[in-house]
Amino acid sequence: MSTGDQAGPRRIVIVGYGMAGARLAEDLRARDPRGERVSVTVVGGEPHQAYNRILLSNVVAGTMSERSVHLHDESWAEANDIDLRVGTAVTAIDRDARMISFDDGGQVAYDALVLATGSRAWIPPTEGLLDDDGELADGVVPFRTLDDCERILAHARAGAPVVVIGGGVLGLEAARGLAGRGSNVTVVHPVGHLMERQLDAGAGGVLAATLAEHGIEFALGKLATRYVPGDGLKLDDGSHLPADLVVVSAGVRPETGLAEAAGLTVDRGIVVDDSLRTNDQRIFAIGDVAQHPGAPSGLVQPAWEQASVVADLLTGTDTSSRYRGTSVVTRLKARGVDLSALGDVHAEADSADDEVVCLTDPRRGRYAKLVLRDDRVRGAILLGFPDAAASVAHHFDNGTPAPSDRLAFLLGRALPGEAAPAENPATMPGSVTVCKCNNVTKSSLVDAWRSGARSTADLASATRATTGCGGCRDVVEGIATWLASTD
Amino acid sequence: MTVTAAATTATSTGAATHCPYCALQCGMRVTPAGGSATVEPRQFPTNGGGMCQKGWTSAALLTSPARLTTPLVRVDGELTPATWDDALDVVATRLHDIRERRGADAVGLFGGGGLTNEKCYALGKFARVALGTSQIDYNGRFCMSSAAAAGSKAFGMDRGMPFPVTDLAEADAVLLVGSNPAETMPPFVQHLPSDGLVVVDPRRTPTAERAELHLQPAPGTDMALALGILHAVVADGHLDQAYVDSRTVGFVEMWRVVASWWPERAERITGVAAADQRKVAATLAAANNAYVLTARGTEQHANGVDTVSAWINLALALGLPGRPGSGYGCLTGQGNGQGGREHGQKADQLPGYRKLDDPAAREYVAGVWGVDPDSLPRPGRSAYELLDVLGTETGPQALLVFGSNPVVSAPRAGHVAERLESLDFLVVADIVLSETAAMADVVLPVTQWAEETGTMTNLEGRILLRTKAIDPPDGVRSDLDVLHGLAVRLGQPSERFPTDPEEVFTELREASRGGVADYSGVTYQRLRDGEALHWPVPSGPGPHSDEAHPGTPRPFLERFHHPDGRARFTSVTYNGPAEPVDVDYPLIATTGRLLAQYQSGAQTRAIDELRAAAPEAFVEMHPDTAERYGLTVGDIVRVVSRRGEVEAPVRLTSASRQDTVFLPFHFPGAQRANLLTNPALDPVSRMPEFKVCAVRLELAERSGVHVDR
């Protein structure tokens, strides 16, 4: 690609100032700090600075302020020589003129355009969730933006009934946060078990039981059929749930409108190749709005990896940089629950191709499942096994053979191998090093005794045991007492 | 307490001094015995009367057959005994000749962190005044430079532990990062709490075994771990907002970065459970008194400065530094690792922790030295960069080495040995024929700890006097004598390079006056009287009375050393090791230390008892890793990196990470772990990445006990 028609830096315009767009701007400036290669314009629809969406469940839970989830402060754009336009909507892309238009009538030309418009909450077609104007009904709030959090917190009073529609990761995080604040939360989920994309039925059941201990109730395998503001939800089994607030977390839809209108290839999202290019070589897409076969949706890790690749390409830092997909570990960030899930977890225990190791301990809220093929991790669920997730994910990411001790692998802790040195001085093997600071074995102490030492002090001056950190004094004293008793 | 220690000394027979090895500088008494001496520990705050096997056996080196007792000059390729006059004449003539032909920077110096303050000071002055070269640095660049840079940035001053080591005893929680004191400075562990000890180390070391919680991150990922724990501190409501508001600047900018490092993300990179990260945050926050301590494991990286800054950020967020009974500290390693980085043997430095590029500092120190400030060279190359250009068109053609053994201790050691080989002229002053000395054109035998007097500055910034206990063997001279003899031969006035340590120290006091590390109020007499003097010790009365300034054991209690008195948060983010693993080099190698050996082993390998305890290198790995490469215990494995290969026997431990192998670096020849290591340098401190490089394993030799299946 050429460096642009005009002289001077290549003009990059990023549409979207969320986690993907903000990250791309940072990555561009990290590669071109003085603005010699690229100029950067960022257009954001929300009226404020970019924020960290991953932390919104902390805001709902009340452990973080809204301010502390901002990615940038007000001086960021100026300090980094970025033309930042917040509260501005892009109305059209003119691909021939390489120009975008804003709702305020303004226009900006680009040499390269990056669409990072993200996704919006999907509202299920339950009667009453939208009012007659197609707006969200009173008391209905999606869980998607910082403003949504504000609205949720404004409605959620201690002791008030709240219904969360959607038993996926985000819905459960919102439910846990609200339950922690004292709301009476019920989660309505159309599938028979929670987080069915990531969990099998066994894990989903243990998870529901664990969350129930934190005061959350569930309506599983049920659909909400009707919402009446000020009253509540009616479900398809005829039951009724009172609700002052309905939090909707039923999935998202990529914001592809602008791309479709500009004639870009759009399927579920904007279709991109490994360079994150759309069918227009000058237009890229990253994050939730992009559709790449290796990128799972709704997660930040792929967006960041994609931003890095696009920054490499647009600054010319590494023109061979490509995005090949992201291996995902799903974590539920809910206080009191430790859940990781990765890969394909739906193999049955009697599978012919896979080795499946499974451990269920519902009373203690624990469920672990490990799916291996040829010694490699293919998938895993770890609920209530906080120590194992890290190493299981590591083996999954790197394709390295799993440890042969499968149980230790699942527990995340090596089981005690050799017994600790016997406390009994009589049965302690002679080769045991009693004083590590001075490399003194039990045999050396016994020899010193036989040569005339008759106390701990004598043993110390003869062998130097106890004279380093002093940590072995009790053991040496025990040996001295034992030797005295055998004299 | 110290006065008592000094008082006992007066009534006993031996000389009260300190151990020759690490920065704990255990109190020791040396008593002459025949031609040699005996040593025993004495009560001193850092060691509480304890001493490890290295200290106990240290006297063996005084009379060891390995000891050098005559200068050696290479004649027809052989190192041949010579008189001192002849040897010094050869050195002076060759140096003069090389300078004439190639200029002052054609001669380099390489110092050491085990040298006394007096020697470090004299070495820096000798380089700048007698040789006029900018090319001086020292092996402390390989130890302390990252912590030093991060400490200076955060607090305005780098004093490893800005509190006496005995303060640790009061702590409810200590986070010990990349440090294995149970092997490297055993008596230190008595200061650690039995509950509330958290150890961060990729290996399950003897220190980690004592911990309440051991976090085992992948080598090179420490910074991500620090960011994850710091995130948890803020997200879980443990931030000390009042402290952050009143004593620091930069929190908001730092948080913008750390906000993106939630523990689950750090877990993915480090392998340390998010739950454990949160537990550490909670443990440190719940403690009445807590410390964060770092050491080489987390510092010896190409991002070492930023990594230490991340740990300091954590300590600041918890409100620890500058609070009585809490704090951040760096555990200095070498005997004089602290003093050695203060008085001018560093490429960019003048005495008193002054900067060589600061015009006021140049003028002041030049005044003390009686030379024109403009005659002082500019800052020179850092240690590895200096070694890397030896014998090349642009680098020095001659090198003088004092108290260091870079053939074993430098990264990419094979290359460094080649560079040394290519020199026109190599001079080494040492007590034994180290691997580096064996390559020299002239070897100068020098005195060691019990045979000379001088000061050391220990890991808590306390200045100690090591007193001469016995006479050196005939034919051995002190490094100060060597520098004097060379300076005079190079045309310097005789009085400019004194040989009496106390006289040198008096000059050092003057040169440090008004600097960050101000020693001007320290005298040998005050040290002999047992005063506990932690720098800065300005001359004149102290702040609270008319008596002499009592030193500064806890310098940050009221304010930090920046002009506004506040500590700095530094915005840092994680980028990973310089050499990631790949298909060809799929495992991580990390290096470290054993209890019975010290540094390059030049001293300790010459002591029978220590050699028996730790005779050779080994490659430690997980049994599953060994099995994957068809290895079993006792097999000789070849560890191969992009820079070299090492052969050593396999050792197995199921506590090892499966992606990591460990090698101790004390051993010479084909067992040099540093043949593998990566000389990628930290952009600020120029610290090489000793602690992580990519390797592969190959079977070199089947052990006799192996049974083929």
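Here the residue numbering is sequential within each chain, running from 1 through the sequence in written order. In the order they appear in the text, chains get letters beginning with A and ligands get numbers beginning with 1. Owing to the predicted nature of the model, reporting of local features is limited to residues with pLDDT of at least 70; listing and counting of side-chain atom pairs is limited to 80 or more, with chain, interface and lining totals taken over all residues.

Chain B carries the name Molybdopterin oxidoreductase family protein in an unreviewed UniProt entry, which gives Haloechinothrix salitolerans as its organism.

The name given to chain A in an unreviewed UniProt entry is FAD-dependent oxidoreductase, with the source organism recorded as Haloechinothrix salitolerans. UniProt positions are given in the numbering used here, feature names are shortened, and annotations may be inferred rather than shown by experiment. The record in UniProt for chain A states the following under Pathway (unreviewed entry): "Nitrogen metabolism; nitrate reduction (assimilation)."

**Student:** Lay out the overall build of chain B with the relevant residues and their values.
**Tutor:** On a plain count of helices and strands, chain B comes out with 23 helices and 29 strands. Against the compact-globule benchmark of 27 Å for 709 residues, chain B has a radius of gyration of 24 Å, which places it among compact chains. In terms of its C-alpha atoms, chain B occupies a principal-axis envelope of roughly 75 × 65 × 55 Å. With C-beta atoms placed from the backbone, a residue is buried if 20 or more other C-beta atoms are within 10 Å of its own, exposed if 12 or fewer are, and partly exposed between those counts. By the burial criterion, 63% of the 709 residues in chain B qualify as buried. Only runs of H or I of at least four residues qualify as helices and only runs of E of at least two qualify as strands under DSSP, and these elements are numbered from the N terminus. The size measure is the radius of gyration over C-alpha atoms, and the globule rule it meets is 2.2 Å times the number of residues to the 0.38 power.

**Student:** Kindly report on the overall build of chain A, identifying the contributing residues and their values.
**Tutor:** Along its length, chain A carries 13 helices and 27 strands. Scaling as 2.2 N^0.38, a compact globule of 487 residues should have a C-alpha radius of gyration of about 23 Å, whereas chain A reaches 30 Å, well beyond that. Overall, chain A is about 100 × 65 × 50 Å in size when its C-alpha atoms are taken along their principal axes. Out of the 487 residues belonging to chain A, those deemed buried represent 47%. Here the contact rule is simple: place C-beta atoms from the backbone, and any two residues whose C-beta atoms are within 7 Å are in contact. Intrachain contacts of chain A at a sequence separation of at least 6 include 59% that bridge at least 24 residues.

**Student:** Can you explain the interface of chain B and chain A? Please cite residues and give values.
**Tutor:** Taken residue by residue, the interface counts 38 residues in chain B and 39 residues in chain A. Secondary structure elements with two or more residues in the side of chain B that touches chain A: helix 2 (53–56), helix 10 (251–258), helix 11 (263–270), helix 12 (274–286) and helix 23 (623–628) of chain B. The classification used treats Ala, Val, Leu, Ile, Met, Phe, Trp, Tyr, Cys and Pro as nonpolar, Asp, Glu, Lys and Arg as charged, and all other residues, Gly among them, as polar. Looking at the side of chain B that touches chain A residue by residue, the class counts come to 22 nonpolar, eight polar and eight charged.

**Student:** An account of the pairing of strand 22 (residues 587–592) of chain B is needed here, citing residue identities and associated values.
**Tutor:** Residue and element names in this part refer to chain B. In terms of residue burial, strand 22 counts as a mostly covered element, since six of its six residues are buried. Neither face of strand 22 is exposed, since Leu587, Ala589 and Thr591 on one face and Ile588, Thr590 and Gly592 on the opposite face are all buried. Both strand 22 and strand 29 (residues 693–701) contribute to a ladder of three bridges, which runs antiparallel. Each residue of the ladder has a partner; that of Ile588, found in strand 29, is Ala694. Pairs of strands are assigned from DSSP output, requiring at least two bridges between the strands.

**Student:** Can you tell me about the sheet that holds strand 12 (residues 217–220) of chain A, naming the residues and giving the values?
**Tutor:** Residue and element names in this part refer to chain A. The strand order 9-16-10-11-12 describes an open sheet built from five strands, whose pairing is parallel. Edge strands, defined here as strands with exactly one partner in the open sheet, are strand 9 (140–142) and strand 12. Within this sheet the neighbouring strands show an average axis-to-axis angle of 20 degrees, counted without direction. By the bridge criterion, four bridges tie strand 11 (residues 184–189) to strand 12 in an arrangement that is parallel. Note on strand 12: the bridge partner recorded for Val187 is Phe218. Inter-axis angles, ranging from 0 to 180 degrees, are taken between N-to-C directions of lines fitted to C-alpha atoms, where helices are fitted over the stretch in contact.

**Student:** Could you give an account of the pairing of strand 18 (residues 442–445) of chain B, with specific residues and numbers?
**Tutor:** Residues and elements named next belong to chain B. In strand 18, alternate side chains face the same way, and those of Val442 and Leu444 on one face and Val443 and Pro445 on the other are all buried. In this sheet, strand 18 lies alongside strand 4 (residues 72–75) in antiparallel orientation, the contact comprising two bridges. When the bridges of strand 18 are listed, Leu72 appears paired with Val443. Here strand 17 (residues 425–430) runs beside strand 18; their pairing, made up of four bridges, is parallel. The residue of strand 18 that forms the bridge with Asp430 is Pro445.

**Student:** Which residues make up helix 1 (residues 19–31) of chain A, and what are the values?
**Tutor:** Think of an α-helix as turning once every 3.6 residues; residues three or four places apart then point the same way. Residue and element names in this part refer to chain A. In a regular helix each residue adds 1.5 Å, so 13 residues correspond to 18 Å; helix 1 covers 18 Å between its end C-alpha atoms and thus fits that length. Taken as a whole, helix 1 has its buried residues at Met19, Ala20, Gly21, Ala22, Arg23, Leu24, Ala25, Glu26, Asp27, Leu28 and Arg29. At its buried positions, helix 1 is contacted by strand 1 (10–15), strand 2 (38–44), strand 3 (82–86), strand 7 (112–115) and helix 8 (300–315). The length a helix should cover is 1.5 Å for every residue beyond the first.

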